[in-house]
Amino acid sequence: MMLIIYAQAVPDEFCKVFLFITAFKNLVMKNFSNKLVLIVIILISGYGYIASCTHKDLVTPPPASTTPVIDRGDGIFLAGTAAQNAGDTSKWKFDQVHSSVLWSGNYLESSGLLTGRFNSFGINSIPASAKGQYAVSGQPLPDTSWAFYEGDPTKTYFNGYVQMNTSNTGEPGRDGGCYLGYVFAPKPITGVQKIIDSNIAKIRTTKVEFDPNSPGYIVTMVMTWQGGLSAPHDTTLNGTLSYIKRATVGAGTSSAYDVFGLQLNFSFNCRSFGMTTTEISDVIDVQCNMNFNNK
């Protein structure tokens, strides 16, 4: 009885095997003992079970897709300033205090990394009329030369700059000594910010597009820097842009506000700008970490 119930629950192949076994048992029972027949039944049943598990009639499922799943929204972030747009949550203010521009390159072209950061930087196109010396402690120019469209990178753009003589490597002897000579930057003056050709390196985007392999973006930009040359030099670079999604700080409180971030990574050849020192490799890597809020 148990064998019959089991046969009804298994595939057709097994049922056929069971019927064969039953006929076989009736045929040979007269000449063999019950014990021998039982052994034969077990062997044939095992074969039938294995055969029924091969699933030769099943269609093999297609391979998993290798196309990344990318989740992009339609956020629109437009520039404002804390001084002019305080409390306007539709305008986004550059949080320079919590942002950074970092650089790195191989020491002696093949050894470990030399690294540093710039103390003074901003997001402004710096037209000719804005160049000069500023005796201010905060940002010398408004950080408003940008816009970010999460879902339409054709409308995204930004212009940024660093003051070369404000590099901070954590080693005073290097920052105030050999470094200034290597990058041909003027000596810093306490309380004065120099927005002049010999002291600024700028970037401006010419194209921003989706990266098909990640949630980020591919950026084409022009870098302008005088360095050791007689006049500012332009070179076209490619970089990657990552969007750190919008989030709320202090949710549920009266002082709640939103933040988001952008991270730009690119590299350039410093020899294109007249740097001749062998203290550092040809290629310099730059990472710009930019944070914004709508306070």
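Residues numbered from 1 in each chain as written. Predicted model: local features only at pLDDT ≥ 70, side-chain atom pairs only at ≥ 80, totals over all residues. Heavy atoms only, no water.

K.L.:
In this structure, what is going on with the overall build of the protein chain? I would like to understand it.
P.N.:
A tally of regular secondary structure across the protein chain gives five helices and 15 strands. Within the span of the protein chain, comprising 295 residues, buried residues form 39% of the whole. Per element, the accessible surface of the protein chain, about 17,000 Å² overall, is 58% carbon and sulfur. (Helix = DSSP H or I, 4+ residues; strand = E, 2+ residues; numbered from the N terminus. Buried < 20%, exposed > 50% of the residue type's maximum accessible area, 1.4 Å probe, protein only. Areas by Shrake-Rupley, 256 points an atom, 1.4 Å probe, with all protein chains shown as cover.)

K.L.:
What is the right way to read unusual backbone geometry from this model?
P.N.:
Negative phi is the rule for most residues except glycine; trans is the rule for most peptide bonds. For Ile126, which is not glycine, the phi dihedral falls at a positive 50°. Take Ile126: it is sitting in the loop between β5 (121-122) and β6 (132-134). In this structure, Phe184 is a non-glycine residue whose phi angle is positive, near 60°. Structurally, the position occupied by Phe184 is in the loop between α5 (172-183) and β10 (193-195).

K.L.:
Quick question: what am I supposed to make of the confidence of the model for the protein chain here?
P.N.:
Interpreting fine coordinate detail is not advised for predicted regions of low pLDDT. Looking at the protein chain as a whole, the pLDDT averages 86, with 78% of positions reaching at least 70. Counting interchain partners and residues more than four positions distant, the pLDDT-below-50 stretch residues 1-8 has seven contacts. (pLDDT = per-residue confidence, 0-100. Contact = heavy atoms within 4.5 Å.)

K.L.:
Sorry, what's going on with the nonpolar core here?
P.N.:
Looking at soluble globular proteins, one finds that nonpolar side chains tend to be buried together. Counting 44 residues, the largest nonpolar core has Trp146, Leu264, Phe266 and Phe268 as the members making the most contacts within it. Excluding residues that lie within four positions of it along the chain, Phe268 makes contacts with Met223, Trp225, Leu237, Phe273, Asp282, Val283, Ile284 and Val286. The next biggest cluster of nonpolar side chains, apart from the first, holds six residues, and it includes Ile126, Ala130, Leu141 and Tyr161. (Core = buried A, V, L, I, M, F, W, Y, C linked by side-chain atoms within 4.5 Å.)

K.L.:
Explain the pairing of strand β3 (residues 100-106) here, please?
P.N.:
Of all seven residues in β3, five are buried, a share of seventy percent or more. Sheet topology places β3 next to strand β15 (residues 283-293); five bridges connect them, and they run antiparallel. Its bridge partner lying in β15, Ser104 is registered against Asp285. Relative to strand β4 (residues 113-118), β3 is paired through five bridges, and the arrangement is antiparallel. Note that in β4 the partner of Leu102 across the bridge is Arg117. (Pairing = 2+ DSSP bridges.)

K.L.:
How should I be thinking about the packing of aromatic side chains in this particular structure?
P.N.:
Given two aromatic rings, one states the distance between the centres and the angle between the planes to describe the pair. Enumeration over the complete set of coordinates arrives at 19 aromatic pairs. On the numbers, 5.1 Å between centres and 70° between planes, the contact of Phe77 with Trp92 is edge-to-face. On the criterion of sequence distance, the pair formed by Phe77 in strand β1 (residues 76-80) and Trp92 in strand β2 (residues 91-94) is long-range, its members being 15 residues apart. A relative accessible area of 1% places Phe77 in the buried class. (Phe/Tyr/Trp six-rings, centres within 6.5 Å; stacked < 30°, edge-to-face > 60°.)

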